[in-house]
Amino acid sequence: MTFGKAIRSEWFLDEDVIFLNHGSFGACPRSVLAVQREWQSRMEAEPVRFMTRELPGHLDAARAELATFVGARTEDLVFVQNATDGANAVLRSLLPTFKPGDELLTSSQAYRAVRQTMVYVAGLSGANVVDAALPFPIADADEVTDAIARAITPRTTFAVIDHITSSTGVIFPFKQIIALFKERGIPVLIDGAHAPGQIELDLNTLGADYYVGNCHKWLYAPKGAALLWVDKKHQSKIHPTVISHFLGGGYQTEFGWTGTLDPTAFLSVPAGIEFHRTLAAQGSREYTQRMLLDARSDISAALGVSLAAPVEMLANLCTIPLPGDPDATEESALNLHDVLFDEYRIEVPAMIANGKLCVRASSQVYNDRSDFDALKEALVDLAGAGRIALGNE
Ligand SMILES: Cc1ncc(COP(=O)(O)O)c(C=O)c1O
């Protein structure tokens, strides 16, 4: 199969939009959505039989396939609706264990929804949320590990660290980071919202205490499919965000029913995995990575900025800082997004990372270089019109 425009019709993507934001909500292929519709038809043909008799077995089968894909034991992994849900399940279950003065450590690049969950449990327990100040641009992986190590204190009781950050698109040196916490006996939740499908995972050997990851971003699953992995030794403490019938039934049973919902996104995860495998066998990783790196160099050079992160810390996302706007605010970022969309038909997120106005591009098999060239031209055009600045690096 060839990639780029030749494969784009596998998605419902709007032909009038240059779509460089797979990272925010994924984009589910038509064939996977067809599988989901098939599940929905089966469910609606006899909802009671499906929900009460058939669903548990189907869920177990889907979980087993996902577990194999992410290198986990099936019994350690459960479905949740999204990474936010999984992080809430862990943090809210642990709420009674946090005490006044405890420090819940995260980083300045943490995803806001997850950090807000930390703020919520900290507010109820008297603990404090502490942010390790991470650099961006990042020169090397040690800068991240060192910054996190410096932020650990004797009061640090729990940590939430990203695997791949949302704002900077950087893959953190998670083995070193997990080791930092392990040495000190501090449990850690890894927020891998962007990891499944983007990078190889082996949760059995990762050494985390808790791990959340989305299937609806890079694993091509329908929206509302994510995984929560919990080390066996913690499972009895962890309950779903929504408590339902099976409270007390144990980790897998409790997460197996959290009230009536459409479980077909979970059941379609194997179809997403299959789609991913087929593309990977045809070289999707190499295609998307090469395109991203080349485009990043090109756009950065055109804007006069240096590369913001080392190649080995990137997979399918890259964040490019825009030069020369020290007063950039969240509002300027939203404004830039809207200008790029409204005037250039480019869907790409603009954000503030470490005080800098940036754009973050995603590289997917349905993209080709012309998409990234369009982004470059739009940014250069805006700079030429004095609407954003150009750098001199
Ligand atoms: C690092 C990170 N964590 C958590 C999330 C939340 O994902 P969801 O909205 O699927 O819960 C995101 C979403 O982009 C993210 O980038």
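Since the model is a prediction, treat every value here as computed from it, not as a measurement.

Student: How would you explain the domain arrangement of the protein chain if you had to name every residue and give the values?
Tutor: By the assigned domains, the protein chain splits into domain 1 (5–30 + 282–384) and domain 2 (31–274). Here the C-alpha centre of domain 2 lies 26 Å away from the C-alpha centre of domain 1. For the pairing of domain 1 and domain 2, the buried interface totals around 2,600 Å² over both sides, and the portion due to carbon and sulfur atoms is 56%. Its largest share of buried area at the contact with domain 2, domain 1 owes to Cys28, Arg285 and Met313, together 23% of the area lost on that side. Applying the counting rule to domain 1 against domain 2 returns one salt bridge. A salt bridge links Glu200 to Arg285; its shortest N-O distance comes to 3.6 Å. The interface formed by domain 1 and domain 2 contains 20 residue pairs in polar contact (both at pLDDT 80 or more). For the side of domain 1 that touches domain 2, the secondary structure elements donating two or more residues are α2 (22–25), β9 (317–321), β11 (350–353) and β12 (356–362).

Student: Explain the side chain of Asp162 residue by residue, including any values.
Tutor: Summarising the element assignment, Asp162 is placed in strand β5 (residues 156–162). Comment: no salt bridge for buried Asp162; closest opposite-charge side chain is Arg360, at 9.2 Å. Setting aside chain neighbours within four positions, we find Asp162 in contact with Gln109, Ala110, Tyr111, Phe172 and Asp191.

Student: Before we move on, could you go through the sheet that holds β11 and cite the residues and values that matter?
Tutor: In space, the three strands of this open sheet follow the order β9-β12-β11, with antiparallel pairing throughout. At either end of the open sheet lies a strand with only one pairing partner, and these are β9 and β11. Taken over all neighbouring pairs, the strand axes of this sheet differ in orientation by 40° on average, direction set aside. Its contacts with the sheet put helix α14 (residues 330–344) on β11 and β12, and the angle it makes with β11 is roughly 155°.

About the criteria used
- Residues numbered from 1 in each chain as written.
- Predicted model: local features only at pLDDT ≥ 70, side-chain atom pairs only at ≥ 80, totals over all residues.
- Heavy atoms only, no water.
- Domains from an automatic or database assignment.
- Buried area = accessible area lost by both parts, 1.4 Å probe.
- Salt bridge = Lys/Arg side-chain N within 4 Å of Asp/Glu carboxyl O.
- Polar contact = N/O pair within 3.5 Å; in protein donor to acceptor, adjacent residues only side chain to side chain.
- Helix = DSSP H or I, 4+ residues; strand = E, 2+ residues; numbered from the N terminus.
- Buried < 20%, exposed > 50% of the residue type's maximum accessible area, 1.4 Å probe, protein only.
- Lys, Arg positive; Asp, Glu negative; His and termini not counted.
- Contact = heavy atoms within 4.5 Å.
- Pairing = 2+ DSSP bridges.
- Axes fitted to C-alpha atoms, helices over the stretch in contact; angles between N-to-C directions.

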